[in-house]
Amino acid sequence: MDLPAQQPPHVITVDDTLVLRRFEGEADLPELHRVIDESLDHLRPWLDWVEDHSPARTAEFLAVRDERWEAGEEFAYAVVLDGALVGACGLHRHEDTPADAFEIGYWLHPAATGRGVAVRAARALTGAAFRLPGVEQLLVVHEPGNHASAAIPPRLGFTERARMHDGGTEFRVWGLARTS
């Protein structure tokens, strides 16, 4: 099946151990729910959605992936390391995201951290995003205290562009422009 030009590949083989693949709906539910469940303490300081973690919320997340993918709004991937789902990453937009940009997001099970997985996944997403027509820049947004997330953008050539506030929360905004 040929993909429309505005979509990234369904599967991105990063290397011999790491693959990013489009979520497979209900088939991913048990494993994704387990990985989130095991990662709650690790993710709670940085991701608000973990407070509502439940099988129903994970099912809801997976249920809308296809619709958002087909609409070109969001491209969410399972992060698969050595054949096991260990997190998620993707390209998405918020209301305030520029029309020529996507934001890269990522999270991992704590057992998968410290091994370069997030850097390799974000590098692969960067390449896939810049092959999409109309994408001229990429963003990474995180809270200043999230040092693990902060270490990734500069390793990929992103520069810090701004600090912004949303309610009472401060965020660092990193950007990378298309070079060709």
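Each remark here, short or long, concerns the structure printed above.
Definitions and cut-offs
- Residues numbered from 1 in each chain as written.
- Predicted model: local features only at pLDDT ≥ 70, side-chain atom pairs only at ≥ 80, totals over all residues.
- Heavy atoms only, no water.
- Helix = DSSP H or I, 4+ residues; strand = E, 2+ residues; numbered from the N terminus.
- Rg over C-alpha atoms; globule rule 2.2 N^0.38 Å.
- Contact = heavy atoms within 4.5 Å.
- Areas by Shrake-Rupley, 256 points an atom, 1.4 Å probe, with all protein chains shown as cover.
- Lys, Arg positive; Asp, Glu negative; His and termini not counted.
- Charge placed at Lys NZ, Arg CZ, Asp CG, Glu CD.
- Pairing = 2+ DSSP bridges.
- Axes fitted to C-alpha atoms, helices over the stretch in contact; angles between N-to-C directions.
- Core = buried A, V, L, I, M, F, W, Y, C linked by side-chain atoms within 4.5 Å.
- Buried < 20%, exposed > 50% of the residue type's maximum accessible area, 1.4 Å probe, protein only.
- Right-handed = clockwise from strand over helix to strand, strands pointing away.

Asker: Looking at this structure, how should I read the overall build of the protein?
Answerer: When you go through the protein residue by residue, the secondary structure sums to five helices and eight strands. Reading the protein from its N end, one meets helices and strands in the order β-β-α-α-β-β-β-α-β-α-α-β-β. Over its C-alpha atoms the protein spans a radius of gyration of 16 Å, differing by no more than 12% from the 16 Å that the globule rule assigns to 180 residues. Considered along the principal axes of its C-alpha atoms, the protein spans approximately 45 × 40 × 30 Å. Residue pairs in contact within the protein that sit at least 24 positions apart in sequence constitute 59% of those at least 6 positions apart. When the accessible surface of the protein is split by element, carbon and sulfur atoms take 51% of a total near 9,400 Å². Computing the positive centroid from 17 side-chain charges and the negative centroid from 29, the protein places the two 6 Å apart.

Asker: Explain unusual backbone geometry here, please?
Answerer: With the exception of glycine, the majority of residues adopt a negative phi angle, and the majority of peptide bonds are in the trans configuration. Although it is not a glycine, Asp82 adopts a positive phi angle of roughly 50°. The topology assignment puts Asp82 in the loop between strand E3 (74-81) and strand E4 (84-92).

Asker: Sorry, what's going on with the sheet that holds E3 here?
Answerer: The strands making up a sheet are joined through hydrogen bonds of the backbone, oriented either antiparallel or parallel. Ordered in space as E1-E2-E3-E4-E5-E6-E8-E7, the eight strands form an open sheet in which the pairing is mixed. Edge positions in the open sheet fall to strand E1 (11-13) and strand E7 (159-166), since each of these has one partner strand only. Put simply, the sheet's adjacent strands are angled 25° from each other on average, direction ignored. As paired strands, E4 and strand E5 (residues 101-108) are joined by six bridges and run antiparallel to one another. By the bridge assignment for E5, Gly87 is matched with Leu108. Strands E1, strand E2 (18-22), E3, E4, E5, strand E6 (137-142) and strand E8 (169-177) of the sheet are contacted by helix H3 (residues 117-130), whose axis makes an angle of about 160° with E5.

Asker: What is the right way to look at the nonpolar core in this model?
Answerer: Side chains of nonpolar character tend, in soluble globular proteins, to be buried together. Of all hydrophobic cores here, the largest spans 35 residues; its most connected members are Leu20 and Ile104. The set of elements that each furnish at least two residues to this core consists of E2, E3, E4, E5, H3, E6 and E8. Per element, the largest residue contribution to this core is ten residues, and it comes from H3. Setting aside chain neighbours within four positions, we find Ile104 in contact with Gly90, Leu91, His92, Ala122, Leu125, Thr126, Leu138, Leu139, Val140 and Phe158. Counting 14 residues, the second largest nonpolar core, distinct from the first, contains Leu32, Val35, Leu62 and Val80.

Asker: Is there a simple way to think about the pairing of E6 in this case?
Answerer: Put simply, side chains in a regular strand alternate between the two faces of the sheet. Summarising burial for E6: five of the six residues are buried, a large majority. Summarising the sheet, E5 and E6 pair through three bridges and their orientation is parallel. Bridged to Glu103 within E6 is Leu139. You can see the chain leave E5, run along H3 and come back into E6, and the turn it takes is right-handed. Bridge count between E6 and E8: six bridges; the pairing is antiparallel. By the bridge assignment for E8, Leu139 is matched with Gly175.

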